[in-house]
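Analysis of the macromolecular model
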Amino acid sequence: MDGRSGRTGERGPRPPFPPRLRGMRGGILALAMAGLMLPAAPAAADHIDPEQLFANVCGFCHEDGGRRAGKGPQLMCTTRSDAFLRNRIKRGKPGRMPAFGWLDDAAIGEIIAYIRSLGPCPPPDEGTTP
Ligand code: HEC
């Protein structure tokens, strides 16, 4: 016994700063970015996204997704029949609108449904309801 209570300074070296906060932040950021960059599910070959198709193929002339006239007329709130729309899309209008005969009937049907979904539109029978 030499009277020394042996404090041997056993608290090893402390890490200079809390472990790797910066690394964690990076990880979270990377996760968030991965979430943002998740690719939209690619459209199956037999299904089109009519809104996307319209924006890509028709929006050049039918502006704002068909809501406004551009080189072509406004399509939103059209009073044309489905048959008329289908025919115009298929055959176009010489000198004014290209024909889209390469779109199959189902795709054209979806585009027509898309056009009809735009709105709000005044009720077509305004004034005639009892
Ligand atoms: C190069 C420009 C152009 C492109 C691209 C185009 N259109 Fe047109 N579209 C026109 C023009 C111009 C008219 C008016 C034709 C006329 O004089 O009757 C028209 C007319 C129409 C009409 C008839 C509207 C009405 O009430 O008379 C429909 C429906 C239509 N387009 C749908 C489409 C769809 C769907 C697409 C894409 C698949 C498309 N158009 C792409 C120019 C275009």
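Our structure is the block above this text.
So, here's what we can say about the structure. (Residues numbered from 1 in each chain as written. Predicted model: local features only at pLDDT ≥ 70, side-chain atom pairs only at ≥ 80, totals over all residues.)

Quick notes on the overall build of the chain
Looking only at helices and strands, one finds 5 helices and 0 strands in the chain. Within the span of the chain, comprising 130 residues, buried residues form 8% of the whole. Here the analysis covers contacts within the chain between residues at least 6 apart in sequence; of these, 45% occur between residues at least 24 apart. (Helix = DSSP H or I, 4+ residues; strand = E, 2+ residues; numbered from the N terminus. Buried ≥ 20, exposed ≤ 12 C-beta atoms within 10 Å, placed from the backbone. Contact = placed C-beta atoms within 7 Å.)

A look at the site of the ligand
If you check the shell around the ligand, you find 20 residues, and the closest are Cys58, Cys61, Gly72, Arg96 and Met97. At the level of elements, helix 2 (50-58) and helix 4 (82-91) are the ones that each hand at least two residues to the shell around the ligand. In terms of residues, the shell around the ligand owes the most to one element, helix 4, which gives 3 residues. Partitioning the shell around the ligand into residue classes produces 12 nonpolar, 3 polar and 5 charged. (Near = placed C-beta within 6 Å. Nonpolar A, V, L, I, M, F, W, Y, C, P; charged D, E, K, R; others polar.)

What to know about the environment of isoleucine 112
One can find isoleucine 112 in helix 5 (residues 105-117). For the pair isoleucine 112 and leucine 85, spaced 27 residues apart in the sequence, the C-alpha separation amounts to 7.1 Å. Each residue touching isoleucine 112, except ones within four places of it in the same chain, is listed here: Asp82, Leu85 and Arg86.

With respect to the packing of helix 4 against helix 5
It is at 10 Å that the axes of helix 4 and helix 5 come closest, and there the two elements cross at 120°. Looking at the two axes, helix 4 sits oblique to helix 5. Here helix 4 runs over helix 5; the crossing is right-handed. On the side of helix 4, the interface is formed by Asp82, Leu85, Arg86, Ile89 and Lys90, while helix 5 contributes Ile108, Ile111, Ile112 and Ile115. (Axes fitted to C-alpha atoms, helices over the stretch in contact; angles between N-to-C directions. Parallel < 35°, antiparallel > 145°, perpendicular 65-115°, else oblique. Left-handed = near helix turned anticlockwise from the far one by under 90°.)

Some words on unusual backbone geometry
Of note, the amide linkage connecting glycine 119 to proline 120 takes the cis form, showing an omega dihedral of 5°. Looking at the secondary structure, you find proline 120 in the segment after helix 5. Notably, aspartate 64 is not glycine yet its phi reads approximately 55°, a positive angle. By the secondary structure assignment, aspartate 64 is in helix 3 (residues 63-66). What makes aspartate 64 partly exposed here is the crowd of 13 C-beta atoms within 10 Å. Phi angles above zero are rare outside glycine, and cysteine 77 is one such case at about 65°.

Quick look at the nonpolar core
Within the largest apolar cluster, 9 residues are counted, these being Phe54, Cys58, Leu75, Ile89, Ile108, Ile111, Ile112, Tyr114 and Ile115. Listing elements by their share of this core, those giving two or more residues are helix 2 and helix 5. In terms of residues, this core owes the most to one element, helix 5, which gives 5 residues. (Core = buried A, V, L, I, M, F, W, Y, C linked by C-beta atoms within 7 Å.)

Comments concerning helix 5
With 13 residues, helix 5 extends 18 Å between its outermost C-alpha atoms, agreeing within 8% with the 18 Å of an ideal straight helix rising 1.5 Å per residue. Within helix 5, the full set of buried residues consists of Ile108, Ile111, Ile112, Tyr114 and Ile115. Mapping the buried residues of helix 5 onto a view down its axis gives an arc of 155°, with all of them on the same face. Relative to its buried face, helix 5 has exposed residues pointing more than 90 degrees away, namely Ala106, Ala113 and Ser117. Against helix 2, helix 3 and helix 4 lie the buried residues of helix 5. (Expected span 1.5 Å × (residues − 1). Arc of directions from axis to C-beta.)

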